[in-house]
Amino acid sequence: MSLDISVLHPLTGKSIPVWIANFVLMDYGSGAVMAVPAHDDRDYDFAKKYDLEIKSVIKPKKGDLPLDKAFTETGILFDSGEFDGLASKKSQGTIMHHFDTNGLGKKVINFKLKDWGVSRQRYWGAPLPFIHCEDCGLVMEKKENLPVALPDDIEITGEGNPLDHHPTWKHCKCSQCGKDAIRETDTMDTFVQSSWYFLRYTASPAIWEDKAFDSKELDYWMGVDHYIGGIEHAILHLLYARFFTKVMRDLGYVNQDEPFEHLLTQGMVLKDGTKMSKSKGNTVDPDALVEKYGADTARLFILFAAPPTQELEWNDQAVEGAFKFLKRFADRSKNAYACDVLPSIKHDELSKSEKAARKKVYEALVRANEVFAQRHTFNTLIAGVMEAMNALNEQDNADVWTEGYWIIASIIEPIVPHLAWEVSDKLFNRKNLSEQVVLEEVFTVDTVMLGVSINGKNRTQIEVSPSASKEEIISMAKDAGAKWLEGFTIVKEIVVPNKLVNLVVK
Ligand SMILES: [Zn+2]
């Protein structure tokens, strides 16, 4: 219905009628909204029905405005004063800024959170510590009786609340008057516990008697460095966990603003293209896999098959491949010798292919540092380790082998702990296993490849030392390009450092 009042448009100063309508949601903002019949379907229907002015201010980037319905897509502002020509999406921020700087209004965030009934009629949950007394009403359990423990002789029948049916558990004394009373049999939604369990995990047993957690221990352990879970928990659980943390911060129990530093939502494991499920019969029994190949193979296969954030297709052949790699890795331990510290190697004195193998090993180490600290793409790390192993296989320098094998054992220890432990226990000093230093000398470049072109046409390549002089480079280029230069005179020599040599002839 129409009210006999009007309001002023904050930007144009024009008078706008005020209507009451049932399609405006009471809990949306203040409950009073600005209707835009030209650009909202419900507002359009309302304006049509009550014969209100329909004023268009957004037009399509191409084509004309529709005549018989609202234009609800994004477009370009027109008939909008100083905002003419702005993209409608972008104009939201611009107009908000105008409101803000001219004292016409300010941006607010509307939370669409609703009240949350946390009680459940289930056995598995933390009991609500309340007592129903005929005289005193609903009262809290006494502090010294907390926590209220669940009975361990429960009968689950599938009907009703098992705690309610337990013969004795709910009968207790009123915490205020001491008369016979009834304990609350509802338990809390498990979401309540999962919203703050990580805080409790920080508590050492020494404080369990007195409190749930201790601020010193919290400061040491929180926030959680890496939080790993399924995507199905990425919205509600995280929202609740942050909410609980902030409430406990406001109450002075914790110092942390946020519970988790990093989140990794892992992908699903698929078999034959579909999600594994018992009813489809396409599940894989990890026990059988562990029994046949060992836990290391299972771990290596899973981490090598895909980055952890993506879906993983189970592939029995790839399991076999992972097993073979580990078997080879174990066999090759005979190429390395036992030592307490890494062999000291004079890099300059190595052959070209020994240098290349060493470089592969250290590249794998650099990648390992990145992957464990940040990227979590364990599949690329394992690929790097395999490359390094292949490069090592072509060498017979025992020092290069031993150094490479030691470093690789330390890189893969978190992935295949049993095997890595075994070889390093046999050969190396495990105290030195975990931290490896990246030797920069391994990455120094011995030679660079330069293209040789003649009259701009790419003819051949030369390999030169990075410190070679211009004269040396040109002389090498002339030798390499001799057969194209025969019968011509060189008129110009151009050297583009680290890239190419161009000889202009006629
Ligand atoms: Zn009472």
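You'll find the structure just up there.
The structure presented is a predicted model; accordingly, all values stated were derived computationally and were not measured. (Residues numbered from 1 in each chain as written. Predicted model: local features only at pLDDT ≥ 70, side-chain atom pairs only at ≥ 80, totals over all residues. Heavy atoms only, no water.)

Details of the overall build of the chain
To keep things clear, this is the line we draw: Each helix is a run of DSSP H or I of at least 4 residues and each strand a run of E of at least 2, with the numbering of both proceeding from the N terminus. A radius of gyration in this sense is built from C-alpha atoms; the matching globule rule multiplies 2.2 Å by the number of residues raised to 0.38. With a 1.4 Å probe rolled over the protein chains alone, any residue whose accessible area is under 20% of its type maximum counts as buried; one over 50% counts as exposed, and the rest are partly exposed. All accessible areas in this document rest on Shrake-Rupley with a 1.4 Å probe, and a residue is counted as covered only by the protein chains that are shown. In this count, Lys and Arg are taken as positive residues and Asp and Glu as negative ones, while His and the chain termini are left out. A charge is said to be at NZ when it belongs to Lys, at CZ for Arg, at CG for Asp and at CD for Glu.
Assigned secondary structure in the chain consists of 16 helices and 19 strands. Expected size for 506 residues packed as a compact globule is a radius of gyration near 23 Å; at 36 Å, the chain overshoots this value by more than 25%. Along the first, second and third principal axes, the C-alpha atoms of the chain reach 105 × 75 × 50 Å. By residue count, 35% of the 506 residues in the chain fall in the buried class. Working note: accessible area of the chain is about 32600 Å², and carbon and sulfur atoms make up 53% of it. Across the chain, the mean location of the 59 positive side-chain charges is 6 Å away from that of the 74 negative side-chain charges.

Quick notes on the sheet that holds strand β7 (residues 137-140)
As a reminder, the rule being used: Any two strands with at least two DSSP-identified bridges between them are counted as paired. Angular values range over 0 to 180 degrees, each being the angle between N-to-C directions of two axes fitted as lines to C-alpha atoms, with helices fitted over their stretch in contact.
If you trace the four strands from one edge of the open sheet to the other, you get β7-β6-β9-β8, paired in antiparallel fashion. Every interior strand has two partners, whereas the edge strands, β7 and β8 (171-173), have only one. Each strand axis lies, on average, 45° off the axis of its neighbour in the sheet, ignoring direction. One ladder, built from three bridges, connects β8 with strand β9 (residues 180-183); its direction is antiparallel. For C172, the partnering residue across the bridge sits in β9 and is A181.

Some points on the sheet that holds strand β15 (residues 312-313)
Paired through backbone hydrogen bonds, the strands of a sheet run either parallel or antiparallel to each other. Pairing in this open sheet of three strands is mixed, and the strands run β14-β13-β15 from one edge to the other. The open sheet has two edge strands with one neighbour each: β14 (274-275) and β15. Looking at chain direction, strand β13 (residues 269-271) and β15 are connected through two bridges and run parallel. Across the sheet, V269 pairs through a bridge with L312, a residue of β15.

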